[in-house]
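# Architecture at a glance
Now for the letters of each chain:
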Number of protein chains: 2
Amino acid sequence: MTNQQHPFDDATKLRKEGNIFIGKTSPKYANMVGPFGGIIAATLLRAALEHPKREGEPVALTVNYAAPISDGEFKIHVSPARTNRSTQHWTIELTQEEKTVITATALFAKRQKTWTSTEAQMPEVASADLIPSLPAEGLPDWVQNYDMRIVQGFPDLTNPDAEEAKTSITKQWVKDQPERPLDFLSLASMSDSFFPRVFIRRNKMVPAGTVSLTIYFHADAECLASYEAKPILGKAWANRFYDGFFDQSAEMWSEDGKLLATTNQIVYYRDE
Amino acid sequence: MTNQQHPFDDATKLRKEGNIFIGKTSPKYANMVGPFGGIIAATLLRAALEHPKREGEPVALTVNYAAPISDGEFKIHVSPARTNRSTQHWTIELTQEEKTVITATALFAKRQKTWTSTEAQMPEVASADLIPSLPAEGLPDWVQNYDMRIVQGFPDLTNPDAEEAKTSITKQWVKDQPERPLDFLSLASMSDSFFPRVFIRRNKMVPAGTVSLTIYFHADAECLASYEAKPILGKAWANRFYDGFFDQSAEMWSEDGKLLATTNQIVYYRDE
């Protein structure tokens, strides 16, 4: 299977028309309302990556989900706001019918080899092949594009009387399904593949959705490519749930213990 | 002392000219190169807060420091990208001589009372009055506007042979000096008041600067105001230092254990 044929590459595909890129929602990556946020983050990042003026590789991406995306085509306006010797800042906007639906910013950089060190600790968990895959039945369509193996932290949705969990921590293995070599786009998308922390903590589904997502990449393209289609270990947790918004922090680890990305998001929620 | 007279309020002061706000760098908040990033974050947030179309209170702010700000005047272009029933998304740009220097996005919301819970643990530290204030001599000018009391994690810059520290964790009490009632603006600025993690970890100064900063607010205006000028406990750490960029995560706590904000940033660094 070539990348061109993979559903992920289809879903993030763009065509350039003058100064804008045109994309289209993919039913395969549909969420409860509109598309899966991860695929949108990846699509916006792809617009910057494919821009003829792009220099360097992604270091940071912030995506603000300002309104639901309707099924169909969308326009991406992407421009280099400032290009320096080693860094480049991008502003990105996704519109439908001339209205802003998503705003985003991205930082690209030409990295230099430096002293390097990881302080975060990789969670000690069983390897992916010892954990059963999450059945995708009854879950939003986008979940079928991932092989997710949840080590800890999935809500007990079968029991309406389930008690509140002590924490919202989730540890999960995730990879594309069908398999696809890891790159910045798939890592960006996987960074949003955790179910809302409020589901895990409260052991029930309530209205919730990501409003703003930030990803910091701690790897270069060559490093990501070296992991091919190996699973990524994600750990996610919430710090505070407060009057309609909670935050989620997450780490994305390679099987052999490299911290490939850290990511944070703020998520709206209601009581029920 | 009224707010109008406080150096912080002077430094973030804006005048509206048509659709743009004009601000001016303040020597009191100067950093090594250009102004302190925290005062700029606060100034951009103030532009959105003072915009006649603003609805709700700040929930998230991302600021990208695309280039150094020169001393003198700057323009802030701030516009509501999308206004919904309970949320409002802003795009913000700071320019000098028609060039983009900073890009930013902000999320405002009208919060509703909901189930609320804090999962992060407040660090157990001695109260602020038991910790000596950091002498500001030899440090950048902006530090003089803060009473900083460092509980843990300050580099030993007096000893060129100091060994590398085991972690980059810092715990510090911080408040405005002179005192000023806490609000979103001062909390945003304090969120950037940690010295670069690479200084702490490597026990030496190397070139380093914040490139992108994200703040999530977990409090409303009334809650912040209730803390008056009490000190805030900040805890900051790095997850990974990798080839020129490291991330910093931080928590901002009230004295009585409320998590008022969580904040993340990506910072460039060189070996020396």
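Position labels on residues start from 1 in each chain and follow its written sequence. Whichever chain is written first is A, and whichever ligand is written first is 1; the rest continue in order. Only residues with pLDDT of 70 or above have their local features reported here, since the model is predicted, and side-chain atom pairs are shown and tallied only from 80 upward, although totals for entire chains, interfaces and linings are computed over all residues. Note: side-chain values were computed over all heavy atoms of the structure, leaving out hydrogens and water.

## Things to note about the overall build of chain A
Here is the rule we go by: Helix and strand definitions follow DSSP, with helices as H or I runs of at least four residues and strands as E runs of at least two, each counted in order from the N terminus. Throughout, radius of gyration means the C-alpha value; the globule benchmark is 2.2 Å times the number of residues raised to the power 0.38. The buried label applies to any residue whose accessible area, calculated with a 1.4 Å probe on protein chains only, is under 20% of its type's maximum; exposed applies above 50%, and partly exposed to all values in between. Contact between two residues is taken to exist if any of their heavy atoms lie within 4.5 Å; hydrogens are not considered. Per-residue accessibility takes into account occlusion by the displayed protein chains alone, with areas from the Shrake-Rupley method and a 1.4 Å probe.
Within chain A, the secondary structure is distributed over five helices and 13 strands. The C-alpha atoms of chain A give a radius of gyration of 18 Å, which matches the 19 Å a tight globule of 272 residues would have. Dimensions along the principal axes, computed over C-alpha positions, put chain A at roughly 55 × 45 × 40 Å. Looking at the 272 residues of chain A, the share that counts as buried comes to 62%. A separation threshold of at least 6 residues defines the contact pool for chain A, and within that pool the share at least 24 residues apart is 69%. Just so you have it, chain A exposes about 11200 Å², and 47% of that area is on carbon and sulfur atoms.

## A short note on the environment of E93 of chain B
All names here are of chain B. Counted only if it meets this: We define a polar contact as two N or O atoms separated by no more than 3.5 Å, with the added condition that, inside protein, one atom must be a possible hydrogen donor and the other a possible acceptor, whereas residues neighbouring each other in sequence contribute only through side-chain atom pairs.
On the secondary structure map, E93 appears in strand β5 (residues 87–96). Each C-alpha atom, one on E93 and one on I20, is 10.0 Å from the other, the two residues being 73 residues apart in sequence. Each residue touching E93, except ones within four places of it in the same chain, is listed here: K75, I76, H77, T100 and I102. At a separation of 2.5 Å, a polar atom in the side chain of E93 contacts the side chain of T100.

## Side note on the interface of chain A and chain B
When the parts of a complex come together, some accessible area is lost, and that lost area is often taken as the interface size. Using the following cut-off: When two parts are brought into contact, each loses some accessible area as probed by a 1.4 Å sphere; the total of that loss over both is the buried area. Salt bridge, as used here: a side-chain nitrogen of Lys or Arg that lies within 4 Å of a carboxyl oxygen of Asp or Glu. Nonpolar residues are Ala, Val, Leu, Ile, Met, Phe, Trp, Tyr, Cys and Pro. Charged residues are Asp, Glu, Lys and Arg, and all others, Gly as well, are polar.
In this assembly, 61 residues from chain A lie in contact with 61 residues from chain B. At the boundary of chain A with chain B, total buried surface from both sides reaches about 5600 Å², with 53% on carbon and sulfur atoms. Looking only at chain A, the three residues that lose the most surface to chain B are W115, E119 and R240 of chain A, adding up to 15% of its buried area. Counting across the interface, chain A meets chain B through four salt bridges. We note a salt bridge from R201 of chain A to E119 of chain B, for which the minimum N-O separation is 3.0 Å. Residue contributions to the side of chain A that touches chain B peak at seven residues, all from strand β6 (residues 99–109) of chain A. For the side of chain A that touches chain B, a count of residues per class yields 22 nonpolar, 24 polar and 15 charged.

## Quick look at the side chain of N203 of chain B
Residue and element names in this part refer to chain B. Mapped onto the fold, N203 is located in the loop between α4 (197–202) and β10 (208–217). Looking at N203, its side chain comes within polar contact range of the main-chain oxygen of E163, at 2.8 Å. Beyond its immediate sequence surroundings of up to four residues, N203 is in contact with P155, D156, A162, E163, A165 and V198.

## Things to note about a nonpolar patch on the surface
Rules: Within this analysis, patches are made of residues with over 30% relative accessible area and no salt bridge. Like charges are joined at 9 Å or less; nonpolar side chains (Val, Leu, Ile, Met, Phe, Trp, Tyr) at 5 Å or less.
Together, M32, V33, L157 and M205 of chain A give the surface a local cluster of nonpolar side chains, amounting to about 420 Å² of exposed area. Among the secondary structure elements, L157 of chain A is positioned in the loop between β8 (146–152) and β9 (170–176).

## Overview of the pairing of strand β5 (residues 87–96) of chain A
Each regular strand displays side chains that alternate between the two surfaces of the sheet. All names here are of chain A. Filter applied, for reference: Strands were regarded as paired on the criterion that DSSP finds at least two bridges between them.
Most of β5 is tucked away, with eight of its 10 residues classed as buried. Here strand β4 (residues 73–83) runs beside β5; their pairing, made up of eight bridges, is antiparallel. Note that in β5 the partner of I76 across the bridge is L94. Linking β4 back to β5 in an antiparallel pair, the connection comprises three residues. As defined by bridge partners, β5 adjoins β6 across 10 bridges and the pair is classed as antiparallel. Paired with T95 across the two strands is T100, which belongs to β6.

## What to know about the relation of the copies chain A and chain B
One copy of the chain maps onto the other through a rotation about an axis plus a displacement along that axis. Put simply, the rule reads: The copies were overlaid by least squares, fitting only the C-alpha atoms of residues that reach a pLDDT of 70 or more in each copy.
The two copies are related by a screw motion: chain A maps onto chain B through a turn of 180° and a shift of 0.0 Å along the axis, at an RMSD of 0.0 Å. In the structure described here, the two chain copies are related by an operation that fits a two-fold rotation axis. Most of the interface of chain A is mirrored in chain B, where 100% of its interface residues again form contacts.

## Comments concerning the confidence of the model for chain A
Rule in force here: The predictor attaches a confidence to each residue, and that confidence, scored 0 to 100, is pLDDT.
With 99% of its residues at a pLDDT of 70 or more, chain A has an overall mean of 96. Listed scores for the predicted complex are pTM 0.98 and ipTM 0.97.

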